[in-house]
Amino acid sequence: MPQKKLNIIYQLIGIIVFLSVPVLFSPDFSSDMHFLKVDGFQEDFFFHCILLLFFYVNYLYLVPKFYFNKKYFTFAMILVGLFLVIFLVPSFLLHHGGHHHEMQNGIRDVLEDFNHNNRGHGDGQNNNHRFEIFNELKRVFQYLLIVLIGIVLQINKRLKQAESEKVTTELAYLKSQINPHFLFNTLNSIYSLAIVGSTNTANAIVMLSNMMRYVLNDASKDWVNLDDELNYISNYIELQRIRFEESVDIDYTIEGDTDGKIVAPLLLIPFIENAFQYGVNAEQNSLIKIEINIKKTMMHVSIWNKKVDYSKSTFDSHGIGIENTKSRLNLLYPNRHILSIQDDVDNYNVSLILHFV
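These numbers were taken from a predicted model, which means no experiment stands behind them. (Residues numbered from 1 in each chain as written. Predicted model: local features only at pLDDT ≥ 70, side-chain atom pairs only at ≥ 80, totals over all residues. Heavy atoms only, no water.)

> If you had to explain the nonpolar core to someone new, which residues and values would you point to?
Within the largest apolar cluster, 51 residues are counted, with the highest numbers of intra-cluster contacts made by Ile 237, Ile 272, Phe 276 and Met 299. Those residues in contact with Met 299, other than ones at most four positions away along the chain, are Leu 226, Val 263, Leu 268, Ile 292, Asn 293, Ile 294, Leu 352, Ile 353, Leu 354 and Phe 356. Phe 18, Leu 51, Phe 75 and Ile 146 belong to the second-largest nonpolar core, a separate cluster that totals 20 residues. (Core = buried A, V, L, I, M, F, W, Y, C linked by side-chain atoms within 4.5 Å. Buried < 20%, exposed > 50% of the residue type's maximum accessible area, 1.4 Å probe, protein only. Contact = heavy atoms within 4.5 Å.)

Here you go:
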């Protein structure tokens, strides 16, 4: 399910739970719903409704506009003003606007209760007052908690946005390093064909065209169809077959269903390209094995080559490509991949288990 829909569901659940609190914890709660007519419950429920509205006002408007712009005094004054409004509105609306005689009665009741307390009478009134004081303190705590939650959620949202922007920037940088790397080596391959006057030069140029079309049009996306990525790899391998002819034995197999599966672009090719640089030398017996096994939720890629002599400069340049790919794997597939590289005297083997997103 998309994250946006999940967030909406979580918010709806939160709203239902929050508005259920005054119902479930009402001292007059009963199965016959008679408590719905009790003034105390109505006032408490109305208070929760206003507090819920305040949460969204604070989270979506006040915190971004004032708190994050360091207008702390203005932010505090607005909170104090809203605090008074939120506390007065439920009582005002439910008691007909607080008529003058009701205010007088309220004041008289307070004075009478005070006198009873001084004379040691009115235990019932004392209990009621204790309950009212507890109820008011509870509301103050709820208000402050709502303010704090709004601030924390906005801070967390901004941290996630900053992390996302960092990841996007870093991935763009890594891709910018990888793409010229592919172009450089592919042009070298075609150059080698042209030098010897191979009849496969034109075919190689067509393959390069297809590869670059993929890099320019598709590889700029965050995710691509696995079929397209494997076609790109196949073009690269066929180009190497043309270039090296009989000097290298290439065993390339794909097993499994690719339908509906997506992968990050240009993620596998650095390992394959690296195998050709490690494992191909026209003066030595060269063997490269590439196996891609696709299952329902994961893909296992195994790339093995017999080591041959290579130039130090070429090795260094490809080391950059491998390190970039490791970084991309960590960014795009955290805890969703297992990469193992075995580098011994005679062989070089890469094993990558990739769980689909």
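Having seen the model, we can carry on.
> How would you summarise the sheet that holds strand S5 (residues 298–306) if you had to cite specific residues and measurements?
Taken in spatial order, the 5 strands make up an open sheet running S2-S4-S5-S7-S6, and their pairing is mixed. Two strands in the sheet have a free side with no partner beyond their single neighbour: strand S2 (248–255) and strand S6 (337–343). The sheet shows a mean angle of 5 degrees between the axes of neighbouring strands, direction not considered. Lying on the sheet, helix H7 (residues 226–244) is in contact with S2, strand S4 (286–294) and S5; it crosses S2 at an angle near 165 degrees. Helix H8 (residues 269–279) contacts S2, S4, S5, S6 and strand S7 (347–355) of the sheet and is inclined by roughly 10 degrees relative to S5. (Pairing = 2+ DSSP bridges. Helix = DSSP H or I, 4+ residues; strand = E, 2+ residues; numbered from the N terminus. Axes fitted to C-alpha atoms, helices over the stretch in contact; angles between N-to-C directions.)

> Which residues make up the pattern of salt bridges, and what values do they have?
In this structure the tally under the stated criterion is 4 salt bridges. One salt bridge in this structure joins Arg 241 and Glu 238, with 3.0 Å as the shortest N-O distance. With Arg 241 and Glu 238 both in helix H7, this residue pair falls 3 residues apart, about one helical turn. We classify Glu 238 as partly exposed; its relative accessible area is 33%. A salt bridge links Lys 326 to Glu 323; its shortest N-O distance comes to 3.5 Å. Highlighted residues: Lys 326 and Glu 323, both in helix H9 (residues 312–332), separated by 3 residues, approximately one helical turn. The exposure class assigned to Glu 323 is partly exposed, which follows from its relative accessible area of 43%. (Salt bridge = Lys/Arg side-chain N within 4 Å of Asp/Glu carboxyl O.)

All quantities given are derived from atomic positions and should not be read as evidence of function.
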